[in-house]
Amino acid sequence: MISTITINTRKYTVNLAQPLDISMPLRASKSNANAWYVDEPKIEPVVVNDWIASVKEGASINFNNIKFNPHAHGTHTECVGHITEQFYSVNKCLKQFFYLAEVITVAPELIGEDQVISKAQLQYLLKQRKPQALIIRTMPNTKEKKSRQYSNTNWPYLTEEAALFIRKIGIKHLLIDLPSVDKEKDDGKLLAHKAFWDFNGTIRKDATITEFIYVSNKIEDGKYVLNLQIAPIENDATPSKPILYKIEN
């Protein structure tokens, strides 16, 4: 399934039969990746009186309710509606789904008690490249990320200066393997979110942040075509399934 995609007048050849999934599945388990002090996701059959909507319980179908929080329970994509009083839906803000993306791997710097991703690190790794989407893989990168319980861990985060740099070079879609681009406990400042979306200027309604991804070590740093798939839910954030395609040419 070889396809040629034109982005900004340049043609890129990808094999659609070889997708690289960088999302994490949502599981009804305490081992599901989790943040923000909420319980694990729940997937349970509908119960109506004595009828339980499970084939194991004698029903003809499986018919489950799913309870989860998109921000806390795995890969999700959010728009500026995450931090605004006015309602914005990511389902309305994200109108295109294929982008030229750059994967970079960053070892956060220790500053005091915090681990941060700095502007200097991003400048060094991007080397003048200005992709439409930036995918940040943090080190160390182990499979334990898929089940890590992040609440009260003070995870690494982007500095305000780094987020401002990302915005200024024109990156519209930021993807990262952490629960948030901001510090876990920052007194509601949300400096990186606000800098990326230009919250105090001309708000970038068409820009998105995708958090809680997982980029396998088998995926090399470099240029890819990104297909950013989202669930069509009218909310500030929704579960998503970002897929990378290696560029053949």
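These figures come from a predicted structure and were not determined experimentally. (Residues numbered from 1 in each chain as written. Predicted model: local features only at pLDDT ≥ 70, side-chain atom pairs only at ≥ 80, totals over all residues. Heavy atoms only, no water.)

**Describing the sheet that holds strand β13 (residues 157–158)**
Just so we agree on the cut-off: Any two strands are treated as partners once DSSP identifies two or more bridges connecting them. Under the scheme used here, helices are H or I runs from DSSP no shorter than 4 residues and strands are E runs no shorter than 2 residues, and both carry numbers assigned from the N terminus.
Reading across the sheet, the three strands line up as β10-β11-β13 and stay open at both edges, with mixed pairing between neighbours. Each having just a single partner strand, β10 (109–111) and β13 make up the two edges of the open sheet. Pairing of β10 with strand β11 (residues 114–117) involves three bridges; the strand directions are antiparallel. The residue bridging I111 from the neighbouring strand is D114, located in β11.

**A short note on the packing of aromatic side chains**
Applicable threshold: Aromatic contacts are taken between Phe, Tyr and Trp rings whose centres are within 6.5 Å, Trp giving its six-membered ring; a plane angle under 30 degrees counts as stacked, one over 60 as edge-to-face, and the others as tilted. Each residue is placed in one exposure class: buried if its accessible area under a 1.4 Å probe, protein chains only, is under 20% of its type's maximum, exposed if it is over 50%, and partly exposed if it falls in between. Definition used: whenever NZ (Lys) or CZ (Arg) falls within 6 Å of the ring centre and also within 35 degrees of the ring normal, the charge is taken to sit over that ring.
Applying the stated criterion to the full structure yields five aromatic pairs. Residues W36 and W155 carry aromatic rings whose centres are separated by 4.9 Å and whose planes lie at 90° to one another, so their mutual orientation is edge-to-face. With W36 in the loop between β3 (20–21) and β4 (42–45) and W155 in the loop between β12 (133–138) and β13, this residue pair connects regions lying 119 residues apart in the sequence. You can call W36 partly exposed: its relative accessible area is 27%. Over the face of the ring belonging to Y124 we find K127, whose NZ or CZ atom lies 4.0 Å from the ring centre. The ring of F196 is capped by R204, whose NZ or CZ atom sits 4.6 Å from the centre of that ring.

**So, the pattern of salt bridges**
Heads up, the condition is: The salt bridge criterion pairs a side-chain nitrogen of Lys or Arg with a carboxyl oxygen of Asp or Glu, the two atoms within 4 Å.
Taken as a whole and judged by the stated rule, the model has 12 salt bridges. Among the ionic pairs, K92 bridges to E234, the shortest N-O distance being 3.0 Å. Residue K92 is found in helix α1 (residues 90–93), and its partner E234 is found in the loop between β16 (222–230) and β17 (237–246); the two are separated by 142 residues along the sequence. In this structure K92 comes out as exposed when scored by relative accessible area, which is 52%. Overall, E234 belongs to the partly exposed group, its relative accessible area being 41%. Across the salt bridge formed by D114 and K183, the nearest N and O atoms sit 2.8 Å from each other. Of this pair, D114 sits in strand β11 while K183 sits in the loop between β14 (173–176) and α4 (191–197), and the two are 69 residues apart along the sequence.

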